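Each chain is listed here by its residues.
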Amino acid sequence: MEQEPTDLTCVDASIRLKVIGVGGAGCNAVRRLSSDALESISTAVVNTDLKSLNACPVQEQVMIGQKTTRGLSAGGESEIGRMAAEEDRDSLIELVDKQDVVFLIAGLGGGTGSGAMPVLAELANRKGAMVFCFVTMPFKHEGNRRELQAQNSLTQIRKHSNAVITLPNDFLVQHMNEQDTLLKALAAGDTWMAKGVISIWSMLFETGIINADFASLKKVFSQKRGRALFGHGFGEGANAMDAAMRSLDKCPMLHLPDLNTSQKADALLVHIAGGLDLTMTQVNRMMDALRSKFGCRDQIILNAVTKEELQQSVSITVIGTTDLGSKPQRLKRTPAALLSEISQEPVHRESKRGKRNSKGQNQSEFNFPNPDENRGIFEETEQNLYEGEDLDVPAFVRRGISIHIQ
Amino acid sequence: MSQRKIIGAVEIGTSKIVVLVGEVYGRNSMNIIGVSQTESMGVSKGDITNLKMASDCVHEAIQSAEKRAKVSIDSVFISCGGHHLDGFPTTGRISVSSPDNVIGKEDLLRVAEIAKGKSLGVGRVYLHHILGGYSVDGEYSNTPLGMFGKELEVKYWNVSGEESKISNSLHIINGFGIKVDDMIISSIASGGIVASEEERKRGVLILDIGAGTTDYSIYKNGVILKTGSIAIGGDHITNDLSLGLHISFNNAESLKQRVGKAIIDPMDRNDSVFLFGNLQIGDAPVSKNAIYKIINARIEELMRILQNQIGAVLSEEVLPAGVVLTGGTSRLRYICESVRTHLKLGARLGQNPSWVTDSELREPEYSTVIGLLQYALSSRRPSKSSKSKKNAGWMRKVTHLFTTN
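Residues numbered from 1 in each chain as written. Chains lettered and ligands numbered in written order. Predicted model: local features only at pLDDT ≥ 70, side-chain atom pairs only at ≥ 80, totals over all residues.

Trainee: Summarise the overall build of chain A; cite the residues concerned and give the values.
Mentor: Counting its regular elements, chain A contains 16 helices and 12 strands. Out of the 406 residues belonging to chain A, those deemed buried represent 53%. For chain A, long-range pairs separated by at least 24 residues make up 76% of all intrachain contacts whose partners lie at least 6 apart in sequence. (Helix = DSSP H or I, 4+ residues; strand = E, 2+ residues; numbered from the N terminus. Buried ≥ 20, exposed ≤ 12 C-beta atoms within 10 Å, placed from the backbone. Contact = placed C-beta atoms within 7 Å.)

What follows is the structure in structure tokens.
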């Protein structure tokens, strides 16, 4: 996901953007990200565990809760994580001060991530930064306690963030083979995070035929506590645009279980990157399609960039926020946002390795929002009713058989 | 030199349109002299959904069949399938009219009229009345004419279809200046050739799993007991795969043909296979288990619906000859095993008769159209030839409802 370093040198200096990993999982994620995509974006890590901080190559490090934990980590207690963060409030404020956009990354369910992340989000928010959070949710088999801790923390985080993108661990590894390394499974999560970070970075800093800027980003994410939606599609070939739209339809991030009911967005930010042959007609057609897909009437912000190396290929990223479809009794609504990626090189590079992040990798178990929308080639035909079921909808969907690809 | 007679058969299927041209020699032999096939467009789940597109495809197929056979066709037999078809039994009962209680021709006609007389709903027409046998004073009889008895009863299996859908196919053929000799529902057409006479006597279920629909017919004592159609076919399997694995329909189809199995094979539990298998961009491994689960869910459901529709007849006592599978989807690996498990009946793959020499035409997806051609042959040469005699039993029972204007 390298943006050419040269691009970065002309980055608008007035917009500052920082990626901060919180807790063990967050630190690891940032480390992996920085070794990969985000070399040029400033990164930082926050942890209670001195040992793990020492092992982390990231330059900017904040050790929190030295008094509370003696540098021996929060031991899976989010309360301790919170106390540790409170203790070192000042250094955290320093960390997020004067930033325009802060990305917070953590694995929820443990101590430091769950405990310190809400504090950090609050501080960053107070300091006037836009806060985008990427959090992984614990595996089911980690038990209810961790799940509860994660949910509580998520609730807190959402209060202070412009967008929270949750990545359920279960979802991320479902498609993995048994023999796959843990590292590979976790890297899948990092890939999504990277896509999100890069798409927003790209919107802010890359110059394109149609520009969205910081103001429009702010506008889309001004309302907090909505639900977020995030998707990415990539296509290439003669009909790159169509292919990208199809791939977006299939984007697993739009099929996360908790997004089941809301594929609608109140506000939508669309980032499109294509070759120099990208035409206005294509863009308009795509916007029409997106508008109807996400039921978004009022606010769509478009950012389009063209790049020579993207000849014959198109990538679409949508980030939307919505209040629709979130039930009041839900713990909280997610602020909304999804991110996506833009992917220029990232996708190319991954494809060469034979893994496809945007499409293949994370699709594993799909929950179909509405059976009526899943009739495939039978879409246009009359319903095929038998005992109240539409036989054109896949049998495995109607019978709730979960399919684990890969 | 015997006079040259040309017969034609057209099947408008969900996935393909096949046209066969046969040349009849002497009394009982036939050569297939023209074959053509086009990909079907404008047909979904056995129904014509786009008349113009379907029509163009059919015309193209007929034209190229004529070209290959170097003859022109005047009239054809066509098959009919789809979910709109409905089958139901009727019974007619009369008191024998003559004072001496000898059953006469009149009685037969009268009882038939009663049995066939059930009026259909608006927009529906009869396609076939299939004679299921007579009984005289409660005793089963094949040939009641001339017998003594007070009460004569007849059973029919009736097949009706939606008039608009049937006339669509007729219009397409007529639009090319060709007459339709008769229309035969596809399960009867294929059933007649894939199961042996012996099997039809003992009791057999013929399951024609096509691309858009599954048509079945049940034979017992040499006559059709029941026919039916379920709107599930191979396309549904492909569509399930396409949606479940998020790949295009065409890729799903080739995946199905490449690795599809109708059972969940525990041997392959941890195996995976490449989606496209050609190293194209976006190719990725997918667990075979996922593929089998998707296919199996569909097949299992199909079998369940079949059981519900057929009911108690679907038992080893009634159908000792088991199930004969045909249609394109019968090429799915292990489908016989799957059918055996779900229906608890023996199952085998049907084969087209040995007189079909073209190796491609011997594949199960051509059973219907070959059955049509054979039906065309036997109806042209009524009763005398040995071949038609063999088939006359069931053939004659199919009444011709449609003859074109």
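The structure having been displayed, the exposition proceeds.
Trainee: Just give me the short version of the packing of helix α6 (residues 89-96) of chain A against helix α7 (residues 112-126) of chain A, but keep the residues and values in it.
Mentor: All names here are of chain A. Between α6 and α7, the least distance of the axes is 9 Å, while the angle of their chain directions is 55°. On the basis of their axis angle, the class for α6 and α7 is oblique. At the point where α6 passes α7, the crossing takes the right-handed sense. Contacts between α6 and α7 involve L92, I93 and V96 from the first element and V119, L120, L123 and A124 from the second. Classifying every residue of the contact of α6 with α7 by side-chain character gives 7 nonpolar, no polar and no charged. (Axes fitted to C-alpha atoms, helices over the stretch in contact; angles between N-to-C directions. Parallel < 35°, antiparallel > 145°, perpendicular 65-115°, else oblique. Left-handed = near helix turned anticlockwise from the far one by under 90°. Nonpolar A, V, L, I, M, F, W, Y, C, P; charged D, E, K, R; others polar.)

Trainee: Give a description of the interface of chain A and chain B that names residues and reports values.
Mentor: Listed per partner, the contact involves 26 residues of chain A and 30 residues of chain B. If you list the elements that add at least two residues to the side of chain A that touches chain B, you get α15 (357-361) and α16 (395-398) of chain A. When grouped by side-chain class, the residues that make up the side of chain A that touches chain B number 10 nonpolar, 9 polar and 7 charged.

Trainee: Before we move on, can you summarise unusual backbone geometry with the specific residues and values?
Mentor: Residues and elements named next belong to chain B. The backbone phi angle of K45 is positive, close to 50°, even though this residue is not glycine. Assignment of secondary structure puts K45 in the loop between β4 (43-44) and β5 (47-48). Non-glycine residue K70 carries a positive phi angle of around 55°. With respect to the helices and strands, the residue K70 is situated in the loop between α1 (51-69) and β6 (75-80). A tally of 9 C-beta atoms within 10 Å means that K70 is categorised as exposed.

Trainee: Hey, could you go over the pairing of strand β10 (residues 151-162) of chain B for me, with residue numbers and the actual values?
Mentor: All names here are of chain B. Along β10, 9 of the 12 residues are buried, which leaves the element largely enclosed by surrounding structure. Across 10 bridges, the pairing between strand β7 (residues 86-95) and β10 is antiparallel. Each bridged residue has a counterpart across the sheet, and for R93 the counterpart in β10 is E153. Here strand β8 (residues 124-136) pairs with β10 via 11 bridges, running antiparallel. For S135, the partnering residue across the bridge sits in β10 and is E153. (Pairing = 2+ DSSP bridges.)

Trainee: With reference to specific residues and values, describe the sheet that holds strand β9 (residues 139-141) of chain B.
Mentor: Residue and element names in this part refer to chain B. Spatially, the 4 strands line up as an open sheet ordered β7-β10-β8-β9, and their pairing is antiparallel. A strand with exactly one partner marks an edge of an open sheet, and here the two such strands are β7 and β9. Strand-to-strand twist in this sheet, taken as the mean axis angle between neighbours without regard to direction, amounts to 35°. Where β8 and β9 come together, 3 bridges link them in antiparallel fashion.

Trainee: So what's going on with the environment of L123(A)? Residues and values would help.
Mentor: Tracing the sequence through the fold places L123(A) in helix α7. It is 8.7 Å that separates the C-alpha atoms of L123(A) and D97(A), two residues lying 26 residues apart in sequence.

Trainee: Give me helix α5 (residues 78-87) of chain A: which residues, what numbers.
Mentor: All names here are of chain A. Among the 10 residues that make up α5, 7 are buried, leaving the element largely enclosed by the rest of the structure. Taken together, the buried positions of α5 are S78, I80, G81, R82, M83, A84 and A85. Residues of α5 that are buried in the fold lie against α4 (66-69), α6, α7 and α8 (144-160).

Trainee: Tell me about the sheet that holds strand β11 (residues 179-185) of chain B, and please be specific about residues and values.
Mentor: Strand-to-strand pairing in sheets goes through backbone hydrogen bonds, with the strands running parallel or antiparallel. Residues and elements named next belong to chain B. Read across the sheet, 5 strands follow the order β3-β2-β1-β6-β11 without closing on themselves; strand pairing throughout is mixed. Both outer strands of the open sheet, β3 (29-39) and β11, are each paired with one neighbouring strand and no more. Mean inter-strand twist for the sheet, computed between neighbouring axes without regard to direction, equals 20°. When strand β1 (residues 5-12) meets β6, the two strands line up parallel, connected through 3 bridges. Pairing of A9 across the sheet is with F77, part of β6. Sitting on the sheet, α1 is in contact with β1, β2 (16-25) and β3, with an inclination near 140° to β3. The sheet contacts of helix α4 (residues 186-194) involve β6 and β11, and relative to β11 the element is tilted by about 80°.

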